[in-house]
Amino acid sequence: MKVLTLNTHSWLEEQAEEKLQILADEIAAGDYDLIALQEVNQSMTALTIFPDGSYCPTQTFVEIKEDNFALRLVEALEIRDIEYYWSWSYSHIGYDRYHEGNALLSKQPIVATDYLASKTNDVLDHTTRKNLSGLTEVAGKMVRVLSCHFSWWEQDKFAHEWQQTEAFLKGTTEPILLLGDFNNDAASPGYQLVLDSPWQWQDAFAAAQQTTGAATVNKKIDGWHENEGQLRIDYVFVTGHAIVQEYEVVFDGNRIPVVSDHFGVKVVLAWKEE
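Remember, it's a predicted structure, so these values are computed and weren't measured experimentally.

What counts and how
- Every chain is numbered independently, its residues counted from 1 as its sequence is written.
- Given that the model is predicted, a residue must reach a pLDDT of at least 70 before its local features are reported, and side-chain atom pairs must reach 80 or more before they are shown or counted; all residues, however, enter totals for whole chains, interfaces and linings.
- Heavy atoms from the whole structure form the basis of all side-chain values; hydrogens and water molecules are not counted.
- In this description, the term disulfide denotes a pair of cysteine sulfurs within 2.5 Å.
- Each residue is placed in one exposure class: buried if its accessible area under a 1.4 Å probe, protein chains only, is under 20% of its type's maximum, exposed if it is over 50%, and partly exposed if it falls in between.
- Between any two strands, at least two bridges found by DSSP are needed for them to pair.
- For the purposes of this entry, the term helix denotes a DSSP run of H or I that reaches at least four residues, the term strand denotes a run of E that reaches at least two, and both are numbered from the N terminus.
- Structural elements are reduced to axes, namely lines fitted to C-alpha atoms, with helices fitted over the stretch in contact, and the angle between N-to-C directions of any two is expressed from 0 to 180 degrees.
- Paired rings are identified among Phe, Tyr and Trp, the last through its six-membered ring, by centres lying within 6.5 Å, and are further divided according to the angle between planes into stacked (under 30 degrees), edge-to-face (over 60) and tilted (the rest).
- A 1.4 Å probe that fits but cannot get out identifies a cavity on a 1 Å grid over protein atoms alone, an open set with protein on both sides within 12 Å along at least five of seven lines counts as a pocket, and a residue lines either if it has an atom within 4 Å of a point.
- Grid points are joined across faces, edges and corners, and a volume is the space filled by probe spheres set on the points.
- Each residue receives one of three labels: charged for Asp, Glu, Lys and Arg, nonpolar for Ala, Val, Leu, Ile, Met, Phe, Trp, Tyr, Cys and Pro, and polar for the others, Gly being one of them.
- The length a helix should cover is 1.5 Å for every residue beyond the first.
- Here, residues are in contact when the closest pair of their heavy atoms is within 4.5 Å.
- Working definition of a nonpolar core: buried Ala, Val, Leu, Ile, Met, Phe, Trp, Tyr and Cys residues. They are joined through side-chain atoms within 4.5 Å.

Attention now moves to the state of the cysteines. Here the structure, examined in full by the defined rule, presents 0 disulfides. With no disulfide of its own, Cys56 lies closest to Cys148 among cysteine sulfurs, the gap being 18 Å. Classification of Cys56 as buried rests on a relative accessible area of 7%.

The subject of this paragraph is the sheet that holds strand S6 (residues 98–106). Strand order in the open sheet formed by 7 strands is S5-S6-S2-S1-S15-S14-S12, with mixed pairing between adjacent strands. Edge strands, defined here as strands with exactly one partner in the open sheet, are strand S5 (85–94) and strand S12 (210–212). The average angle at which neighbouring strand axes cross in this sheet is 20°, direction not considered. Alignment of S12 against strand S14 (residues 242–250), held across 3 bridges, turns out to be parallel. Residue pairing for S14: Thr211 is matched across the bridge by Tyr247.

Under the definition given, this model contains 18 aromatic pairs. A centroid spacing of 4.8 Å and a plane angle of 50° characterise the contact between Phe150 and Phe182, whose relative ring orientation is tilted. Of this pair, Phe150 sits in the loop between strand S9 (141–149) and helix H3 (157–169) while Phe182 sits in the loop between strand S10 (176–181) and helix H4 (189–195); the two residues are 32 residues apart in sequence, bridging distant segments of the chain. Using a relative accessible area of 0% as the deciding quantity, one classes Phe150 as buried. We classify Phe182 as buried; its relative accessible area is 2%.

Time to look at empty space enclosed by the protein. Taken as a whole, this structure holds 2 cavities of 30 Å³ or more when the rule is applied. Looking at the lining of the largest cavity, the element that brings in the most residues is helix H1 (residues 16–30), giving 4 residues. For the lining of the largest cavity, a count of residues per class yields 6 nonpolar, 2 polar and 2 charged. Looking at the second largest cavity, its volume works out to about 30 Å³. Along its surface, the second largest cavity is lined by Ser91, His92, Glu100, Gly101, Asn102, Arg129 and His149. If you list the elements that add at least two residues to the lining of the second largest cavity, you get S5 and S6. Counting residues per element, the lining of the second largest cavity draws most heavily on S6, at 3 residues. For the lining of the second largest cavity, the class distribution of residues is no nonpolar, 5 polar and 2 charged.

Along its 15 residues, H1 runs 21 Å from first to last C-alpha, staying within 8% of the 21 Å computed at 1.5 Å per residue. Burial in H1 covers these residues: Ala16, Lys19, Leu20, Ile22, Leu23, Ala24, Glu26, Ile27 and Gly30. Elements in contact with the buried residues of H1: strand S1 (2–7), strand S2 (34–43) and helix H2 (69–79). Count one or two residues on from H1 and you reach Asp31, which has phi positive near 55°.

Membership of the largest hydrophobic core comes to 36 residues, with the highest contact counts inside it found for Ile27, Trp86, Leu105 and Phe251. Taken together, the elements giving at least two residues each to this core come down to S1, H1, S2, H2, S5 and S6. Ranked by residues supplied to this core, first place goes to H2 with 7 residues. Grouped together as the second largest cluster of nonpolar side chains are 27 residues, Val3, Val138, Ala204 and Val244 included.

Bringing the sheet that holds strand S13 (residues 234–238) into the picture now. With mixed pairing, 6 strands are arranged side by side in an open sheet as S7-S8-S9-S10-S13-S11. Every other strand in the sheet has two partners, leaving strand S7 (111–116) and strand S11 (202–203) as the edge strands with one partner each. Together, S7, strand S8 (130–138), S9 and S10 form the strand contacts of H3, whose direction differs from that of S7 by roughly 145°.

Have a look at this one:
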């Protein structure tokens, strides 16, 4: 199984259309089974459309605009004769002009659900978080994958959102993958909170048999205005019965050009026979 996570920054990026095409090229070449994207936005003033059958809505009604970044990505893949099912959750208004949220892409249909992770549900508050969950099939096995965008540790925001995530997952029997921007570095108490969970999450970076790269942010960005170091804040966490074969930081300017203010993470894994 190949998975990819990336905080895309979407239409906030310079040369965003060109970068969308680079992302589509890598997805096409990488033959990913599951893709989780964060900061996936659409213009508030764009035309509302009705997506085709590849769109898998959540239980929460949201308008899909014609420039929805995930929609445009799926369309770019269709031009390359590659089909993905996709879903999108809406969290908040960004920069006074975008609806912003998370997306999932899968080769198989997605039973999509969103859940409120943050204490606030005010779309005018940029810390409002609605994470996206998808139940889908990979290689004949049902898995649950979450595209997550968490807040920072300060003011107990991350701790609350993590508690809501564990509550949402309660009773899940399928293998789980948590992908996304956790906004908590690997040296932080937020990271330790995840590792201390009774779910016994594996950090794919630490568990991988082969590792290429580490940091996913290496400059000052929104939310990390004073950063001058190498941050690992984008993760792939998997339940304990996964074998993580490969971990690679991508879109970092090495093998693939930079497309966002975050780098992405590619992971190749398999599930232990039960």
